[in-house]
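Remarks on the overall topology
The residues making up each chain are set out below.
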Amino acid sequence: MTDGLRSKELETTPIIELKDVSKHFGGIQALRGVSLDLYEGEILGIVGHNGAGKSTLIKVLSGAYTADSGKIYYEGREVEIKSPRDSKALNIETIYQNLALADNLNVPANLFLGREIRNRAGVLDESRMEAETLKMLERLNLKIKSLKVRVVKLSGGQRQCIAIGRAVYFKAKILIMDEPTAALGVEETERVHALMQQLKNEGIAIILISHDLHDVFGLSDRIAVMKNGALVGVKKTHETTKEEILSMIILGKPDEPTVRV
Amino acid sequence: MPVRWIKNIDWQKVGIPLAFFALCIIFTLTTDRFLTVRNLTNVARQISILAFLGYGMTFVIISGGIDISVGSSVSLISMVTGGVMVSSGNIPLGMAMGILCGTVIGIVNGSLISALDLPPFIVTMATGTICAGLALLYANGMPIVGLPDKFGVVGSGYIGPIPVPVVIALFFFVVSAFVLKYTVYGRHVLAVGGSEEAVRLSGINTKLVKLQAYALTGFLTGVGGVVLTSRIISGYPNLGLGMELQAIAAVVIGGGALGGGFGTMTGTLFGVLMIGVIQNGLNLMGVSSFVQMIVIGVIILSSVTYDVFRKKRLAE
């Protein structure tokens, strides 16, 4: 339940609002009536066991799955997300764990994958795509030796930042990140976190799925806990503790009564 | 200094063309007929057909699929071309129907593979068998004769000093290479072959990309089948026997990876040239065609092995 748990003034409209969204696969109910909202410039962490429904939830937002029931609102108006294209049209960019990039292509090709720039003759405008890539790398403070190298050769952190860069370049207002730093070392994790803070300060709303409560507490403004496909509760990060969140994850119910505003 | 320079050469790009030219030099030195205009023209004419199949196969293999129906398609295309041409007396109509037949086969392959998500190897093996059966059924296993002689110009004629099939093959080479390297579609084919799921999540219609690759192959196979039919001026029910394997060999020799995501049209062209030159050179040297088969097999094995090693080094 999200009543009253808002990080901004009561008047602000959430940029995304899910009302009673459900999804099942065969006999398995992956999402049960989930209602959640997300505001501009906030980082919302989603935590829970494996199988709690976190990945399903973001796939419904990213268009990889279509919800069976429930409503989705974007900036206050009702929308339908039936494909990855629908999701991107709503400025939602999703960065999947391990599936973000085309390994056999180089950095500019990945940045513009599916949204390639053509020149007036209708063919690929490689030089413009390279120029735009350089601009994007500069904005992200990312150093890559050669644009021609296939991304499979880059480090995990670089690849993650390129995937984020792609989202940002195409003017994402909502960034969904599924375990972005799970496979990264300490320094690279720091790099990605710094980038996330930078984007949040620019007003981008970020949904972060992570198993690492330390990361979630360090980055998120609010934390949503899921269990067995249902939303257990949402807490403002500074109003809760790791123990409380853990008990919500394990027991499936909020530790304290929710504060009604 | 010289050693470092050698290490920096991109052997993937330079290796095959180098090997090809080395072979040409060897054959020039060991036979007196290799480097003659007549011989080279013949070789070029013969491998033009393989080139058409190779271009299509390049798209399909890069997209992560495979098409082993192309040989049998050629047989059916030949029968359709011959049959229509004889019954209507109309050369362009016969040619058009042949190319259409090839394209339809390609679309069928592509639809089954992408829409129904069936494995390409099995699907094209099945459609190939069906095509081979249909080709034999067409005239009860007999060839179709009586095609107008003028049709022979396509397969045996010249434009200036260059045989017509070579001109057509070069034209389609330029078009295919351009599409693969410079168009959005070509980029998508490469992407789908490399990481299909990641590409799907980018919003690209991966099913359509794959379907188009098979349709393209069907069209090019149609052109090749019509040209080959013109060379013998008859519809022959076994015409394309074994050609799919040569086409795949050409792509692999040229650096295309069977897993998808890698390959170039230029590489395939050199693969085609290699196969043609080796068979021709060994013929001129009097080497039995059985030994030739072994030689081609060894070359394919070496290319694939080299390719795998290169991939491993890339991943490190």
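Small disclaimer: the values here were computed from a predicted structure and weren't measured.

Quick look at the overall build of chain B
Along the backbone of chain B there are 14 helices and 2 strands. For 316 residues, the compact-globule estimate of 2.2 N^0.38 gives 20 Å, and the C-alpha radius of gyration of chain B, at 20 Å, lies within 12% of that figure. Once the C-alpha set of chain B is aligned to its principal axes, its extents read approximately 70 × 55 × 35 Å. Classification of the 316 residues of chain B by burial places 51% in the buried group. Taking the intrachain contacts of chain B between residues at least 6 apart in sequence as the baseline, contacts between residues at least 24 apart amount to 79%.

Overview of the overall build of chain A
Looking only at helices and strands, one finds 8 helices and 10 strands in chain A. Taken against the 2.2 N^0.38 rule, which gives 18 Å for 261 residues, the C-alpha radius of gyration of chain A at 19 Å falls within 12% of a compact globule. For chain A, the C-alpha atoms occupy an extent of roughly 60 × 40 × 40 Å along the three principal directions. Out of the 261 residues belonging to chain A, those deemed buried represent 43%.

Structural notes on the interface of chain B and chain A
Of the residues lining the interface, 18 residues belong to chain B; the matching set on chain A comes to 20 residues. If you list the elements that add at least two residues to the side of chain B that touches chain A, you get helix H9 (184-194) and helix H10 (196-201) of chain B. When residues in the side of chain B that touches chain A are grouped by element, the largest group, 5 residues, is from H9 of chain B. Of the residues that constitute the side of chain B that touches chain A, the class distribution is 10 nonpolar, 6 polar and 2 charged.

A few points about the domain arrangement of chain A
Residues and elements named next belong to chain A. The domain boundaries assigned to chain A delineate domain 1 (1-91 + 173-261) and domain 2 (103-172). Between the C-alpha centres of domain 1 and domain 2 the distance comes to 27 Å. Each partner contributes residues to the interface: domain 1 has 13 residues there, and domain 2 has 11 residues. The set of elements that each furnish at least two residues to the side of domain 1 that touches domain 2 consists of strand S7 (174-178) and helix H6 (186-201). If you tally residues by element for the side of domain 1 that touches domain 2, the top one is H6, at 5 residues. Here the residues of the side of domain 1 that touches domain 2 are counted per class, giving 9 nonpolar, 1 polar and 3 charged.

A short note on the pairing of strand S8 (residues 205-209) of chain A
Note on strand geometry: in a regular strand, side chains alternate between the two faces of the sheet. Residue and element names in this part refer to chain A. Counting buried positions over the 5 residues of S8 gives 5, a clear majority of the element. Here S8 shows two buried faces, one formed by Ala205, Ile207 and Ile209 and the other by Ile206 and Leu208. Direction of pairing for strand S3 (residues 43-48) relative to S8: parallel, over a ladder of 4 bridges. Following the sheet pairing, Gly45 is matched in S8 by Leu208. In this structure, S7 lies alongside S8, joined through 5 bridges in parallel fashion. Note that in S8 the partner of Leu175 across the bridge is Ile206. Chirality of the crossover, the property in question, places the unit of S7, H6 and S8 among those that are right-handed.

Some remarks on the sheet that holds S7 of chain A
All names here are of chain A. Pairing within the open sheet is mixed, and its 6 strands lie in the order S6-S7-S8-S3-S9-S10. Strands with a single pairing partner mark the edges of an open sheet, and in this sheet they are strand S6 (92-95) and strand S10 (230-236). Neighbour-to-neighbour, the strand axes of the sheet open up by a mean angle of 20°, direction not taken into account. Pairing of S3 with strand S9 (residues 222-227), which is carried by 5 bridges, proceeds in the parallel orientation. If you follow Val47 over to S9, its bridge partner there is Val225.

Here we look at the confidence of the model for chain B
Per-chain confidence: chain B averages 90 in pLDDT, with 95% of residues scoring 70 or above. Predicted complex, confidence summary: ipTM 0.83, pTM 0.86.

Points about the pairing of strand S2 (residues 28-38) of chain A
Residues and elements named next belong to chain A. Sheet topology note: the strand S1 (residues 16-25)/S2 ladder contains 7 bridges and is antiparallel. Bridged to His24 within S2 is Gln29. With antiparallel pairing between neighbouring strands as the criterion, S1 and S2 make up a hairpin whose turn holds 2 residues, including Gly26 at a positive phi of roughly 60°.

Reading the values: rules and limits
- Residues numbered from 1 in each chain as written.
- Chains lettered and ligands numbered in written order.
- Predicted model: local features only at pLDDT ≥ 70, side-chain atom pairs only at ≥ 80, totals over all residues.
- Helix = DSSP H or I, 4+ residues; strand = E, 2+ residues; numbered from the N terminus.
- Rg over C-alpha atoms; globule rule 2.2 N^0.38 Å.
- Buried ≥ 20, exposed ≤ 12 C-beta atoms within 10 Å, placed from the backbone.
- Contact = placed C-beta atoms within 7 Å.
- Nonpolar A, V, L, I, M, F, W, Y, C, P; charged D, E, K, R; others polar.
- Domains from an automatic or database assignment.
- Pairing = 2+ DSSP bridges.
- Right-handed = clockwise from strand over helix to strand, strands pointing away.
- Axes fitted to C-alpha atoms, helices over the stretch in contact; angles between N-to-C directions.
- pLDDT = per-residue confidence, 0-100.

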